[in-house]
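Spelled out, the chains give:
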Amino acid sequence: METLLEMMKKYPLLSSWDSNTRWSGFLSVNDDLLRITIKVPKYPLVVGGEILGDKSTLALCASFNAQIKNLFSKKSLTLVPLLDAFVDLVINHYFTSFLQRETIIL
């Protein structure tokens, strides 16, 4: 399992409170900042947790909400791999959206 030091090195713009069961701050994704709050009641495991955010974050997450719920259902997944997977989902969404816009424009 990861340590708090590993978490802070990989995601320095997130801070924790409530015995590390809530994390809030920003994720850097493709030179953009995404405001996020993560509830992980069984920290360091993420099972039963959820991602919250502002309107733009929630709108973005709506397009891949099923994948997010699937990540939170994995019993042995910890916070760093969850965040890595979440960032990958966001990047894939941006890339897919960009390709769709380019196709429509062409």
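The preceding data block contains the structure.
Residues numbered from 1 in each chain as written. Predicted model: local features only at pLDDT ≥ 70, side-chain atom pairs only at ≥ 80, totals over all residues. Heavy atoms only, no water.

Participant: How do you make sense of helix H3 (residues 65–72) when you look at a structure like this?
Facilitator: The periodicity of an α-helix, 3.6 residues per turn, causes residues three or four positions apart to be oriented the same way. For H3, the full list of buried residues reads Ile68, Leu71 and Phe72. One side of H3 carries all its buried residues, which in axial view fall inside an arc of 95°. Relative to its buried face, H3 has exposed residues pointing more than 90 degrees away, namely Ala66 and Lys69. (Buried < 20%, exposed > 50% of the residue type's maximum accessible area, 1.4 Å probe, protein only. Helix = DSSP H or I, 4+ residues; strand = E, 2+ residues; numbered from the N terminus. Arc of directions from axis to C-beta.)

Participant: What should I look at first to understand unusual backbone geometry in this one?
Facilitator: For residues other than glycine, phi is negative in most cases, and the peptide bonds are mostly trans. In this structure, Pro44 follows Tyr43 across a cis peptide bond, with omega equal to 10°. Within the secondary structure layout, Pro44 lies in the loop between strand E3 (32–39) and strand E4 (50–52). With a phi close to 55°, Asp18 is a non-glycine residue in the positive phi region. Mapping Asp18 onto the fold places it in the loop between strand E1 (14–17) and strand E2 (22–29). For Asp18, a relative accessible area of 48% translates into the label partly exposed.

Participant: Mind showing me how you'd approach a nonpolar patch on the surface here?
Facilitator: A surface patch of nonpolar side chains, amounting to about 290 Å² of accessible area, comprises Leu13, Phe26 and Leu33. Given a relative accessible area of 45%, Leu13 falls into the partly exposed group. (Patch = residues over 30% accessible without salt bridge, like charges linked within 9 Å, V, L, I, M, F, W, Y side chains within 5 Å. Areas by Shrake-Rupley, 256 points an atom, 1.4 Å probe, with all protein chains shown as cover. Salt bridge = Lys/Arg side-chain N within 4 Å of Asp/Glu carboxyl O.)

Participant: Help me understand the environment of Gly48 in this model?
Facilitator: Note on placement: Gly48 falls in the loop between E3 and E4. Distance in space between the C-alpha atoms of Gly48 and Lys69 is 9.0 Å, their sequence separation being 21 residues. If sequence neighbours within four positions are ignored, Gly48 has contacts with Pro41 and Phe72. (Contact = heavy atoms within 4.5 Å.)

Participant: Is there a simple way to explain helix H2 (residues 55–62) in this structure?
Facilitator: Turning to H2, its buried residues number three or more, namely Thr57, Leu60 and Cys61. Angularly, the buried residues of H2 cover 95° about the axis, an arc narrow enough to put them on a single face. Seen from the buried face of H2, the exposed residues on the opposite side, beyond 90 degrees, are Lys55, Ser56, Ala59 and Ala62.

Participant: Even after reading the chapter, I still don't get the pairing of E1, so can you show me in this structure?
Facilitator: Two faces make up the sheet, and in a regular strand the side chains alternate between them. Strand direction decides the pairing type here: E1 and E2, joined by four bridges, are antiparallel. In the strand pairing of E2, Trp17 is matched with Arg22. Hairpin connection of E1 to E2: four residues between the antiparallel strands, including Asp18 at a positive phi of 55°. (Pairing = 2+ DSSP bridges.)

Participant: I tried to follow the nonpolar core on my own but got confused; where do I start?
Facilitator: In summary, soluble globular proteins display a tendency toward joint burial of nonpolar side chains. Formed by 28 residues in total, the largest nonpolar core has its most connected members in Leu27, Ile38, Leu79 and Phe86. Those elements that place two or more of their residues in this core are E2, E3, H2, H3 and helix H4 (79–105). Ranked by residues supplied to this core, first place goes to H4 with eight residues. (Core = buried A, V, L, I, M, F, W, Y, C linked by side-chain atoms within 4.5 Å.)

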